[in-house]
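# Structural overview for review
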There are 2 protein chains.
Amino acid sequence: MRRNLIALALAASLLALPALADEAKPAPTPTAKELLAKSGPSEWRRPDPQNLLQMQLPTGRVLIELAPDYTPLHAANIRTLVHGHYFDGLAIIRVQDNFVTQWGDPNDDDNGDKSKIKPLGKAKKTLPPEYTRPIDPKLPWTALPDGDVYAPEVGFSGGFPAARDPASGQTWLTHCYGAVGVARDVGPETGSGSSLYAVIGQAPRGLDRNLAIAGRVIEGMELLSGLPRGPAPMGFYAKPQQRVAIESVRLAADLPEAQRAKVEVLRTDSPTFAALIESKRNRRDDFYRNPAGKIDLCSIAIPVREAK
Amino acid sequence: MRRNLIALALAASLLALPALADEAKPAPTPTAKELLAKSGPSEWRRPDPQNLLQMQLPTGRVLIELAPDYTPLHAANIRTLVHGHYFDGLAIIRVQDNFVTQWGDPNDDDNGDKSKIKPLGKAKKTLPPEYTRPIDPKLPWTALPDGDVYAPEVGFSGGFPAARDPASGQTWLTHCYGAVGVARDVGPETGSGSSLYAVIGQAPRGLDRNLAIAGRVIEGMELLSGLPRGPAPMGFYAKPQQRVAIESVRLAADLPEAQRAKVEVLRTDSPTFAALIESKRNRRDDFYRNPAGKIDLCSIAIPVREAK
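How each quantity is defined
Residues numbered from 1 in each chain as written. Chains lettered and ligands numbered in written order. Predicted model: local features only at pLDDT ≥ 70, side-chain atom pairs only at ≥ 80, totals over all residues. Helix = DSSP H or I, 4+ residues; strand = E, 2+ residues; numbered from the N terminus. Rg over C-alpha atoms; globule rule 2.2 N^0.38 Å. Buried ≥ 20, exposed ≤ 12 C-beta atoms within 10 Å, placed from the backbone. Domains from an automatic or database assignment. Contact = placed C-beta atoms within 7 Å. Pairing = 2+ DSSP bridges. Least-squares fit on C-alpha atoms with pLDDT ≥ 70 in both. Expected span 1.5 Å × (residues − 1). Axes fitted to C-alpha atoms, helices over the stretch in contact; angles between N-to-C directions. Nonpolar A, V, L, I, M, F, W, Y, C, P; charged D, E, K, R; others polar. Arc of directions from axis to C-beta. pLDDT = per-residue confidence, 0-100.

## Details of the overall build of chain A
Helices and strands together make up the secondary structure of chain A, namely five helices and 17 strands. Since a compact globule built from 308 residues should have a radius of gyration of about 19 Å, the 21 Å found for chain A is in line with a globular shape. Along the three orthogonal principal directions, the C-alpha set of chain A runs to about 75 × 45 × 45 Å. Taken over 308 residues, chain A has a buried fraction of 49%.

## What to know about the domain arrangement of chain A
Residue and element names in this part refer to chain A. As far as domains go, chain A holds domain 1 (26-45 + 267-306) and domain 2 (49-264). On a C-alpha basis, the centres of domain 1 and domain 2 stand 26 Å from each other. Across the boundary between the two partners, domain 1 contributes 13 residues, which contact 18 residues of domain 2. Among the elements of the structure, strand E1 (44-45) and strand E17 (304-306) are those that each provide at least two residues to the side of domain 1 that touches domain 2. The leading source of residues in the side of domain 1 that touches domain 2 is E17, at three residues.

## Focus on the sheet that holds strand E10 (residues 170-173) of chain A
All names here are of chain A. Strands sit in the order E6-E10-E9-E8-E7 across an open sheet of five strands; the sheet is antiparallel. Of all strands in the sheet, those bounded by a partner on one side alone are strand E6 (133-134) and strand E7 (142-143). In this structure, E7 lies alongside strand E8 (residues 153-157), joined through two bridges in antiparallel fashion. In the strand pairing of E8, Ala143 is matched with Gly155.

## Some thoughts on the environment of Pro204 of chain B
Assignment of secondary structure puts Pro204 of chain B in the loop between strand E12 (196-199) and strand E13 (213-219). When the 22 C-beta atoms within 10 Å are taken as the criterion, Pro204 of chain B is described as buried. Between the C-alpha atoms of Pro204 of chain B and Leu57 of chain B, which are 147 residues apart in sequence, the distance is 25 Å. With near-sequence residues (within four places) excluded, Pro204 of chain B lies in contact with Ser299 of chain A together with Phe99, His175 and Val199 of chain B.

## Some details on the relation of the copies chain B and chain A
Take chain B, turn it by 180 degrees, move it 0.0 Å along the axis, and it overlays chain A with an RMSD of 0.0 Å. Taken together, the turn and the small shift mark the pair as related by a two-fold rotation axis.

## Concerning helix H3 (residues 72-83) of chain A
Residue and element names in this part refer to chain A. Along its twelve residues, H3 runs 16 Å from first to last C-alpha, staying within 8% of the 16 Å computed at 1.5 Å per residue. Within H3, burial applies to His74, Ala75, Asn77, Ile78, Arg79, Leu81 and Val82. Just beyond H3, the residue with positive phi is His85, at close to 55 degrees.

## A closer look at the sheet that holds E13 of chain B
Backbone hydrogen bonds are what pair the strands of a sheet, in a parallel or an antiparallel way. All names here are of chain B. If you walk across this open sheet you meet the eight strands as E4-E5-E12-E11-E13-E3-E2-E14, and the pairing is antiparallel. Single-partner strands in this sheet number two, and they are strand E4 (91-96) and strand E14 (248-251). Shown here is a sheet whose adjacent strand axes are inclined to one another by a mean of 25 degrees, direction ignored. Two strands pair when backbone bridges link them, and strand E11 (residues 179-182) and E12 are joined in this way by three bridges, in the antiparallel orientation. Bridging across to E12, Gly181 finds its partner in Tyr197.

## Describing the environment of Pro228 of chain B
If you trace the backbone, Pro228 of chain B turns up in the loop between helix H4 (221-225) and E14. Beyond its immediate chain neighbours, meaning those up to four positions away, Pro228 of chain B contacts Gly226 of chain A together with Val95 and Gln242 of chain B.

## Thoughts on the pairing of E8 of chain A
Residue and element names in this part refer to chain A. Across the five residues that make up E8, a large majority, four, are buried. Bridge count for E8 against strand E9 (residues 160-165) is five bridges, and the pairing is antiparallel. Residue pairing in the sheet places Gly155 in a bridge with Ala162 of E9.

## What to know about unusual backbone geometry
Each neighbour pair has its own omega, and for Ala232 of chain A with Pro233 of chain A the value is 0 degrees, a cis peptide bond. With respect to the helices and strands, Pro233 of chain A occurs in the loop between helix H4 (221-225) and strand E14 (244-245). One non-glycine residue with positive phi stands out, namely His85 of chain B, at about 55 degrees. Unlike most non-glycine residues, Asn98 of chain B shows phi in positive territory, near 60 degrees. Relative to the assigned elements, Asn98 of chain B resides in the loop between E4 and strand E5 (100-104). Residue classification places Asn98 of chain B among the buried positions, given that 21 C-beta atoms sit within 10 Å.

## Side note on the interface of chain B and chain A
Across the boundary between the two partners, chain B contributes 57 residues, which contact 58 residues of chain A. Among the elements that line the side of chain B that touches chain A, the one with the most residues is H4 of chain B, at three residues. Per-class residue counts for the side of chain B that touches chain A are 25 nonpolar, 13 polar and 19 charged.

## A short note on the pairing of strand E2 (residues 52-57) of chain B
All names here are of chain B. Here E2 lies mainly inside the structure; five of its six residues are buried. Where E2 meets strand E3 (residues 60-66), six bridges bridge the pair, whose relative direction is antiparallel. Bridge pairing links Leu57 to Gly60 in E3. In this structure, the hairpin formed by E2 and E3 is closed by a connection of two residues.

## So, helix H5 (residues 271-281) of chain A
Residue and element names in this part refer to chain A. Taken residue by residue, H5 has Phe273, Leu276 and Ile277 as its buried positions. In an axial view of H5, the angular spread of the buried residues amounts to 95 degrees, which keeps them on one side of the axis. In this structure, the buried residues of H5 make contact with helix H2 (32-37) and strand E16 (263-266).

## Observations regarding the confidence of the model for chain A
Residue and element names in this part refer to chain A. In the predicted model, chain A carries a mean pLDDT of 92, and the fraction of residues at 70 or more is 92%. Note on residues 6-22: pLDDT under 50 across the span, and 16 contacts to partners over four residues away in sequence or across chains. Across the assembled chains, the prediction reports ipTM 0.92 with pTM 0.93.

## Here we look at the environment of Ile92 of chain B
Residues and elements named next belong to chain B. The topology assignment puts Ile92 in strand E4. Using a count of 23 C-beta atoms within 10 Å as the deciding quantity, one classes Ile92 as buried. When the C-alpha atoms of Ile92 and Ser248 are compared, they prove to be 12 Å apart, with 156 residues separating the residues in sequence. In this structure, Ile92 is in contact with Thr101, Trp103, Leu227, Arg243 and Val244, ignoring residues within four places of it in sequence.

Take a look at the structure:
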């Protein structure tokens, strides 16, 4: 039972063992597994194949959902890069502990051979920042109740953790675990999507509104996070053999149906997602005696499952 | 320059390039490197050898500072385990993505051979919870200004990120990145320190006040975080060969001076630490255009350096 550092997998029958007569004891909160088992089919969505990137590594598949509602120019440019098979043969070039895993062209950094930089093909070399966008009532918004250190309001928008500021009228995606951001040079208009990073540690929310977030990893995060770290301070691998190769990146829409990833994501505006959040806010069972009563934006995982 | 996803290493001379005449432009915030270079020797401390664990893995050394002000019974029991060389030959048994890396006796879990469980020697098999303790004005406290989703007050106490609740009069260490917690069974009094975990992802603050935090990793986190993840849902390695062996764990006080780790930690009540926090709250340079003006507790790294 030492496995149960966190009693995620505890069966309900186990939880009911002692003190059945103890009227004062509140009922245990339902587990994620129990809540998901009761979810309806309409609470799940298949990501739009136009927004679904399938990145094949030697170790497995990473799925990234693009966020064109927030970064449309970046989504379009990344699609163009992928149509041109730009990422095939490139690599994971950087893993900085408690920060990011970054991939792209190994020759396009300070140690690289500039003469061998891979051309971007039809894609643009730089893009406008797209760090924030105007709040629009047509965009879905599921607010969280417990506040946030960084932003006036936080919640979920169409499957993405996001923030907004009614005073400025702006909204933006947030750098939570799994967020996929656009690496850039010093100037704000220097990103293209040809080098991307995924957040692998404590959410670096100070990056919000300073970098464009192109999407979110919805499957395979462990293939990006569970890698040896590169040398300090920034984690760029010093030796080519340390880099994990990218075999290919494809847009699901460009693949025949049989090769498209068959996954469903729980809608962030669904009753089951709301119940999951509430259960996590006030987790109470024989293991958890002091429910936080709170949850922060970046501590909420969005369930993904195989599509039937 | 694509290296500069985060311009941590940008020299001050580079930052001053354009627009020297632009009076409206605020001066760039000092970098961590610049601030640390100006720190005084008295702002640094050597961890008490009685509180410093040196864990040797095949891949390198992990240093853990115990927190007896918060979890004295656990610190004492872990010292007893270490005196008895309890951890030598045990292993990292679990790596759950975006959560924890856990180590201890592989036979002491659901798949283990119970007949081979290593005895704890003179150490206690269970301890009282030590999840919170009374606020005491004699404990150091450096408050943070930006609030917290989970606790009424957060800050640093003697080198550890912590929270407190004036209403209840209680204070506790928080599950930030690198926190070392005490794994336990379902009952709150079932931990001993014989199995420990380190936080490797987004701070699971819902664990606060539900598990004892014995200390914090001050060196070598990347050796715990950069490991392949075990299978879902909980990340316990299924095959023995996946586990990283623990060669030894020693208390610095038990070692001859020459073998003690020579490290210094920046005092969390020092002016330089305050300046680091302020710089990170309002980071402004040619890369960062929109300073957050805020910082959350678990996003602040405590500098560690080699002692002279």
